[in-house]
Every structure is written in structure tokens, then in C-alpha cells.
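Coordinate inspection notes
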Amino acid sequence: MSAPMKQTTSVAEEFAASGSDHIYSLSWAESCKLYWDSFLTPTVKYEHKLLSHVPVIRNDGTDNRVSEIIDTPVGVTSGVVHDKEMYIHEVCITNTNGGDEEPIDIVLVHGYGAALGFFYKNIDGLSSLPNSRLHVIDLLGFGCSGRPRFPLEKCTNSENSMMRRVLDAESFFVDSFEEWRKKRNIKKFVVVAHSLGGYLMSCYYLKYGRDIVTKIVLVSPVGVEDSDISLYKRFEEGHDENGEVLEDTDMDSWNADDGCEDDRRPDVDREYEIARHQGVDLTKELTDHIEEETECHSGSDDDDDDIADNSSVISVVTDDENEDHHQHQYHHTHQHHSPSRVEQLMRQIKSRVVPGKALTWLWEHQYTPLDIIRLLGPFSGKMTAVWVRNRFQKVEDPVQLEDICKYTARLFLERGSGEYCLGTILAPGSLARLPLCKRLPQQLDASVPVLLMYGELDWMDKRAGYELCQAINDNRGRSGVKAKFRIVPDAGHHLYVDNGPEFERQVLSFIQAV
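Residues numbered from 1 in each chain as written. Predicted model: local features only at pLDDT ≥ 70, side-chain atom pairs only at ≥ 80, totals over all residues. Heavy atoms only, no water.

**Some thoughts on the overall build of the chain**
Helix and strand counts for the chain come out as 22 helices and 12 strands. Of the contacts formed within the chain by residues at least 6 apart in sequence, a portion of 80% connects residues at least 24 apart. (Helix = DSSP H or I, 4+ residues; strand = E, 2+ residues; numbered from the N terminus. Contact = heavy atoms within 4.5 Å.)

**Re the sheet that holds strand S6 (residues 213–219)**
Overall, mixed pairing links the eight strands, which are arranged S1-S2-S4-S3-S5-S6-S11-S12 in an open sheet. Here the strands that pair on one side only, and so sit at the sheet edges, are strand S1 (65–73) and strand S12 (484–488). Strand-to-strand twist of the sheet, defined as the mean angle between neighbouring strand axes without regard to direction, takes the value 20 degrees. In this structure, S1 lies alongside strand S2 (residues 87–95), joined through nine bridges in antiparallel fashion. Pairing of Ile70 across the sheet is with Glu90, part of S2. Relative to S2, helix H3 (residues 43–51) is tilted by about 20 degrees, and along the sheet it contacts S1, S2 and strand S4 (132–138). Taken strand by strand, helix H7 (residues 162–183) contacts S1, S2, strand S3 (104–109), S4 and strand S5 (189–194), and its axis lies near 45 degrees from that of S2. (Pairing = 2+ DSSP bridges. Axes fitted to C-alpha atoms, helices over the stretch in contact; angles between N-to-C directions.)

**A few points about the nonpolar core**
Of all hydrophobic cores here, the largest spans 65 residues; its most connected members are Phe189, Tyr199 and Ile216. Among residues more than four places away in sequence, those in contact with Ile216 are Val191, Tyr205, Leu444, Val448, Pro449, Val450, Leu451 and Phe510. (Core = buried A, V, L, I, M, F, W, Y, C linked by side-chain atoms within 4.5 Å. Buried < 20%, exposed > 50% of the residue type's maximum accessible area, 1.4 Å probe, protein only.)

**Some thoughts on the packing of H7 against helix H8 (residues 196–207)**
Between H7 and H8, the shortest axis-to-axis distance is 9 Å and the interhelical angle comes to 75 degrees. Between H7 and H8, the angle is such that the two are roughly perpendicular. Packed against H7, whose contacting residues are Val166, Glu170, Ser171, Phe173, Val174, Asp175, Phe177, Glu178 and Arg181, the element H8 presents Tyr199, Leu200, Met201, Cys203, Tyr204 and Lys207 at the interface. A class-by-class count of the residues in the contact of H7 with H8 yields nine nonpolar, one polar and five charged. (Parallel < 35°, antiparallel > 145°, perpendicular 65-115°, else oblique. Nonpolar A, V, L, I, M, F, W, Y, C, P; charged D, E, K, R; others polar.)

**Looking at the pairing of S6**
Within S6, six of the seven residues are buried, which leaves the element mostly enclosed by the surrounding structure. One ladder, built from six bridges, connects S5 with S6; its direction is parallel. Within S6, the position partnered with Phe189 by the bridge is Val213. In the classification by handedness, the crossover that spans S5, the intervening H8 and the parallel S6 is right-handed. Looking at chain direction, S6 and strand S11 (residues 450–455) are connected through four bridges and run parallel. Bridge pairing links Val219 to Met453 in S11. (Right-handed = clockwise from strand over helix to strand, strands pointing away.)

Structure (C-alpha cells):
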């Protein structure tokens, strides 16, 4: 553990003193200090300091909950060399309340550029379920997990089709996760995954998890919506020439001869235009404030009417247990009021994406946002502080803010690894080359419960999430378990931070439901 902090003006106190209107609260001197300190202290020490704010870890064992920090060696079967960097880091909380029955395993997975420490506010609540094991993991190549060299050669090799490259990038995470599961002796589990983690855990289910994953919670997942960048466009809505649905296992047979040169070499001009008109504005990850009103876009008025009149979407404001009753009651109470609460929750925070051709070129040539931060050197801490100030602005404790900032700055300065999946899996504008809307509905087992969650002010496309939920239910028919769609009020993309108690309540209610 790191030494106690000195009683001087800290990063967090500068945050608190600056007020909500002054984002750039970190001085250049403090930024330089953060940068040099990051080389003296390993990331795991910053993680330990941040996790010391978690009651169940701070008071380990006092309420029949025991915490462990575990590094599990893994090997990847997709061609990555096995070395000392091949391990997955986790914090595991075992709750022994509730008897001697087989515990429920819950796996919590972070998003792009993030790590398990970002869930520090949720660990106590999500581990409160009796007779459960909560595994909060760092994906391979992120956080405090090993950082082997990402197989960019395979993912950028123009000899391979774009389809093959995307699958190779996914396998880097999916295959290592499967080996971690086996070595941890987890027979079945519930997965709760945010953003890119939601996309990757969906890929895991399709490749390995059909008899292993018992419930799926996708928290503002990336890569859901269809777009002109989708590689499925070549196969007419995901069907082959015989009209059969193409599964992920079929993709292994799609090789470089399946397409023309356009499939192997990115067209920067084309992808720039698609990103501008169909993508999401990723700058909001750095600059938006969830309490400020931004441009709200929800499509046409006809779209709003469809949302308001479709009773199945009323579930966004109800609990699972009494959903049918609340749907009926809500419909009769609010059908004459405009705009309804459902319409308000379904508003899409959206602005025109202006990625710029230079940024599009960098994206397509495997440069990442974290590369840019590392290039800032001693001034990277200042940029990190801006991100932390935006993403964790509802954290009021100045000591916690300082610990988050130092932890994040150290993460961002780590050697790049898993982050280099970005340009292969997603096109500029955060559009998936193999979108989930074309993969999940037909291939999800009808008995597996699914919950999609978004923040009320989420910049991720929650309407695409709603349509995915509807597509899953349409494919399941009357006999299947209905997928659920929920919106967490007063929250943005990082809803587990913005409204942690409601996020935890929704997740635990879903896990406990029969």
C-alpha cells in the first residue's frame, strides 16, 4: 500500500475548490508530478489505494464476505505467444451468507481503456447477494492484467479479409477469458459487462458460452447498431446465398477470397462520411457533463409515437416483479400526457460526429486515444484529470477523487496492449464492423435472460439497444424468456458511477428473478 497522503493541497481539493464550471482544475505542476509519480509506483498500488474505499474490502471478513486479489495465468489459443504477461487480474468477493449451496458466480467486466477499479462504488452492493461470488476482472491487455503484445500483424494483414481480422481481434479477449474461467473452475456464471466489455462478452457467449452463461446484462454496450460499415451488408442482412442465417462459427470459413480488395483495405474517405452521419460522438466521453442539457435527438415524431404506444417499452420504468401490472397502469395513467416519462427517458443525446479525416486515418491505422495521452508525457495528467472530473463528478469525497485520478493516470500511461483492438473491431464513429444486432438475436438461446441497460443521458445509441431487445424477443416468440430493457435515470454512459444505487438495484433484481 502507498504511504499516507501529506496534508497539502491535493489534486482532489483543487477539484473541489474549482467548482463544477471550471473543468481544467489541475495545474501544470501537479500534472507533471502525477506523471513522474506514476513511474515510481506500480498500477496495482494505486488500485489498492482506491479499493481501500470499498467497505467490504476495508472490513474484510466481518460480515461473512471475504475479498481476494488473484492473478490467473492464461494462454491464448489464437496464436498469441504465451509469456509472463499472459494473466488476468481480478478482485473476487465471496459472500458465504445463505448456506452451503453452490454459489452464484457473477462476472463484472469493464469497458474500453477502463479497469476494475472504476467499479469501486459498486463492489459492496453487488457482492451483497447471499451465497455468491463476485469476480471483478481486468480484461487481458487492460488494467492490472498482463499486457502482452496485441496481435496487430494478424489484425492488419491485408492478406486476410476484414471479417477474419475482426474475429482475430475478438479472440484475443474471448479465448483468454475462457481459459481464465476454466482455471478458476467457474462452471456457470452471470455476466455484467459495460461498453466494449458488453460487446466482447456477447462475442464470448457466441463462441463458448451457450451452456455456461446463465444470464447476460449488457450495460450501454458498444457495437449494437447496424450501419453502412457493417460487413454483413455484403451478405444481405446476415443470410448466405441459400437464405440461411450465418452464425459466428460460419465466419471461420469466410476468407480473403470472399470479397474484393475493398474488404481488405479501409477507405478513409468512405469511413469518414459514414462516421459523420451514422456514428456516435466519442468526444462526449471527454467533454460532456451529464447535468448539462445537450442536444436531444430521438428521430422523427413518428418514432416517438411508436415508442410511446408500444407497451413493451414501458418496462424501462418498472421493476421486473410487477412489470405487467405497471405496464397496464402506466399506459392508462399517462397516455394523454405529452411528453410522457418514457419519451423523456428514450431521448437520444446525439450531436453530429465530426471525426476529421486526419483522426479517421489515425483510427484506421491503429492509433488510439491512449497513444495520444501518452504522447503528452508530463502533461498527460492534466488531460486525465479532465476526464476524471467529467466521469466521476458525482463523487463528492475529495480523497476518493484524488485516488481515482492517480489510478486513471497510471492506467493511461501503461504500455498499450488490448487498446489496439479499437481500429479493427470498430470503425470511426464507434460503429461495429460485425454489429451485435446481426449476431445476437438469432443465436441467443431462448432460455437465457437478457437485460440491456442505458443511462438516461447516455451518448451511446440506446434506441439501437431497444431495437436489439425487441429483435431478441421477436426471435424467441411466446415461449422464450423475454429480454428486458431498462434506463437508469439521472445517468450517462457510465451509469454505474452516475447512479450507482439504481444500477445495483436493477442488476441484483434481475439476477435474483426466477
